[in-house]
Amino acid sequence: MTHRYIFIAGGVMSGVGKGTVMAALGRELLNKGYSVTALKIDPYLNIDAGTMNPVEHGEVFVTVDGDETDQDIGNYERFLNTDIPSMNYMTTGRVYQTVIQKERNLEYGGKTVQVVPDVPNEVISRIERSAEQAKADFVLIEIGGTVGEYENILFLEAARLMRYAHPDDVRSIIVSYMPVPAAVGEMKTKPTQQAIRTMAGAGLTPDFVVARSAVVIDEPRRKKLSLFGNVREDYVIGSPDVSTIYEVPLVFEEQHFGDKVLSSFGLAPKTDASGEWREMVARIKSVEKPVRIGVIGKYFSTGSFTLSDAYISVIEAIKHASWDENLKPELVWLNSEEYEKNPETLKELEDLQGVVIPGGFGARGIEGKISAIRYCREHNIPYLGLCYGMQCAVIEYARNVLGLADAHTTEINADTPYPVIHLIPGQEGNVENNHYGGTMRLGSYPCRLTDGTRVRAAYGEPSVKERHRHRYEFNNDYRDQLENAGLVIAGVNPEQNLVEIVEIKNHPFFVGVQFHPEFQSRPLKPHPLFRAFINAAKTRSAG
Ligand code: GLN
């Protein structure tokens, strides 16, 4: 079959939402009856995102097949409503690693192996393999970073080579930022003109320009960009800020972005299946009654700024479930370290209708999380613990209900007298030998749910599959003791007998899961656990 490739590069600055633009265009093409897959290129030497600090790089998104990827893969999954495989994520490190390994295997047959063309060729072969695997009409490829950086030049070169070889099947788009400096009072196109020129210098003239800005780009500036950027005027697409990112496909549809992309390939829409998406956005925009949820983490601060990127899937999952319950999610970021410094601030949890503690690593802030969990347990505040949030709930229960003082996870205290959370059997060697990259328990695993539990009712099925990313786990040596003290083991992995879900009775909602349900929540398919949590939260009158 013929695959069509669309490369998306960024201009002016990062963080303007290239991933969202690409995912939204993908959704539009899907709605028009074409199959779509999406790839992300991260121009880092890291092999995967698993070793990058979430404050710097954002959330580590885990695929079904156990890859630790960029958060944009999550965006693609949410917009396209499909699982994206590991092969659709590449980093510079990954590409170089393959090229060097092939050289060691004599696969270049004695030739000199060169950065150009061997590295771009490896990029191309990865893209083509993904296209084949997905059997996709359209393959959207996001090149991370912005044009003009040394880091992504080889990826632009791959795009150029593909276009050179298949001019009819390859298009490129630049997503660029249009500032409106307060002192000037008008939208400026010059930075984007420069970015287009830089991209052209790499041999790749963009077919479309997506102008990201606070307000929609107006006529005079559209003309300017067209003239100086060498882009058709009707191929300059406005992408203003919107109240929900899920509206972006509709903003594009108003400008016939998808139709224009199709016609640039000589194609036309086959159908219009946008109804479901439109209804969802209409619902999102109509919800009024708030539900106030606190997210307790530590990856929020960078210098003087507060970012929530590290928890993007958790945040989206809370939103999906809230909208589904006709509620307007009000999210509050809470820093667990604050509860260590000033325990009296725990009282602020009273003002919330529910608390989520997402995944995490290391000692910083853990005691604050444990105190917050105790507060939620004792004050009947709905609580959902994800991964570290589940492990901390077990530690809290062991310490304060079972009376095992100093119970802990061996991640933090190797000498704890009560290691209620310990290394997953088989992980010892990885830690001893510093084999950290890609060695956690990753990807999708089955979990058998216990009859009569809250989660069994929420899921409505006896067995589920969820995505994991952890090295530590509930210690079965403490299972009987904890169960006798009232902790309910609500889900177990049948193959390894690992406890995956705990909950407690006589509480409006108190559930801890070893996995990350947030990775499987989609706006068109909210996750059952988040729905059950929000359902409990909405009945609590906070404050
Ligand atoms: N640090 C914990 C572990 O490795 C939890 C990981 C997580 O929350 N993703 O098991």
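Right above here is the structure, for reference.
The residue numbers shown here count from 1 along each chain, following its written sequence. Given that this is a predicted model, residues contribute local features only at a pLDDT of at least 70 and side-chain atom pairs are listed and counted only at 80 or more, while totals for whole chains, interfaces and linings are drawn from all residues. Based on all heavy atoms of the structure, the side-chain values leave hydrogens and waters out of the count.

**Overview of the side chain of Thr192**
Thinking step 1. A helix here means a DSSP run of H or I that spans at least four residues, while a strand means a run of E at least two residues long, and both kinds are numbered starting from the N terminus. Take Thr192: it is sitting in helix H7 (residues 190–201).
Thinking step 2. Residues count as neighbours in contact if any of their non-hydrogen atoms are within 4.5 Å of one another. Non-local contacts of Thr192, meaning those with residues more than four positions away in its chain, are made with Val12, Ser176, Tyr177, Met178, Val209 and Leu225.

**Here we look at the site of the ligand**
Thinking step 1. The immediate surroundings of the ligand are formed by Gly359, Gly360, Phe361, Cys387, Tyr388, Gln391, Glu411, Arg469, His470, Arg471, Tyr472 and His516.
Thinking step 2. Polar contact is defined as a pair of N or O atoms within 3.5 Å, subject to the rule that within protein one atom must be able to donate a hydrogen and the other to accept it, and that residues adjacent in sequence are counted only when both atoms are side-chain atoms. Here a nitrogen atom of the ligand sits 2.7 Å away from a polar atom, N or O, in the side chain of Glu411.
Thinking step 3. Contact between the ligand and His516: a nitrogen atom at 3.3 Å from a side-chain N or O atom of the residue.
Thinking step 4. Think of a 1 Å grid over just the protein atoms. A cavity is a set of points where a 1.4 Å probe fits yet cannot get out, a pocket is an open set with protein on both sides within 12 Å along at least five of seven lines, and lining residues have an atom within 4 Å of a point. Throughout, a molecule is located in a cavity or pocket provided that more than half of its atoms lie within 2 Å of its grid points. With respect to the detected pockets, the ligand is housed in the second largest pocket.
Thinking step 5. Sorting the residues of the shell around the ligand by element identifies helix H15 (388–400) and strand S19 (463–470) as the ones contributing at least two each.
Thinking step 6. Here the residues of the shell around the ligand are counted per class, giving four nonpolar, five polar and three charged. Whether a residue is near a molecule or strand depends on its heavy atoms: if one lies within 4 Å, it is near. Gly is put with the polar residues, along with every residue not named as nonpolar or charged; the nonpolar set is Ala, Val, Leu, Ile, Met, Phe, Trp, Tyr, Cys and Pro, and the charged set is Asp, Glu, Lys and Arg.

**Digging into the layout of surface pockets**
Thinking step 1. Grid points are joined across faces, edges and corners, and a volume is the space filled by probe spheres set on the points. Put simply, the largest pocket is a space of about 1400 Å³.
Thinking step 2. Gly15, Gly17, Thr20, Gln71 and Asp309 are, among the 49 residues lining the largest pocket, the residues nearest its centre.
Thinking step 3. Of all the secondary-structure elements, those providing two or more residues to the lining of the largest pocket are helix H1 (18–31), strand S2 (36–42), helix H2 (54–57), helix H3 (71–80), strand S9 (236–240), helix H11 (275–286), helix H12 (312–324) and strand S13 (328–335).
Thinking step 4. The dominant element in the lining of the largest pocket, judged by the number of residues it contributes, is H12, at five residues.
Thinking step 5. When grouped by side-chain class, the residues that make up the lining of the largest pocket number 18 nonpolar, 15 polar and 16 charged.
Thinking step 6. As a volume, the second largest pocket reaches approximately 640 Å³.
Thinking step 7. Every residue lining the second largest pocket is counted, 31 residues in all, and those nearest its centre are Gly50, Gly360, Phe361, Met440 and Arg469.

**As for the sheet that holds strand S16 (residues 408–409)**
Thinking step 1. When DSSP finds two or more bridges between a pair of strands, those strands are recorded as paired. Read across the open sheet, the three strands follow the order S16-S17-S20; overall the sheet is mixed. Strands with a single pairing partner mark the edges of an open sheet, and in this sheet they are S16 and strand S20 (472–474).
Thinking step 2. The pairing of strand S17 (residues 419–423) with S20 spans three bridges and is antiparallel. Within S20, the residue paired with His422 across the bridge is Glu473.
Thinking step 3. Working convention: axes come from line fits to C-alpha atoms, limited for helices to the stretch in contact. Angles between N-to-C directions cover 0 to 180 degrees. Along the sheet face, H15 touches S16, S17 and S20 and points at about 150° away from the line of S17.

Note that every value here comes from positions in space, so none of it alone points to a role or purpose.
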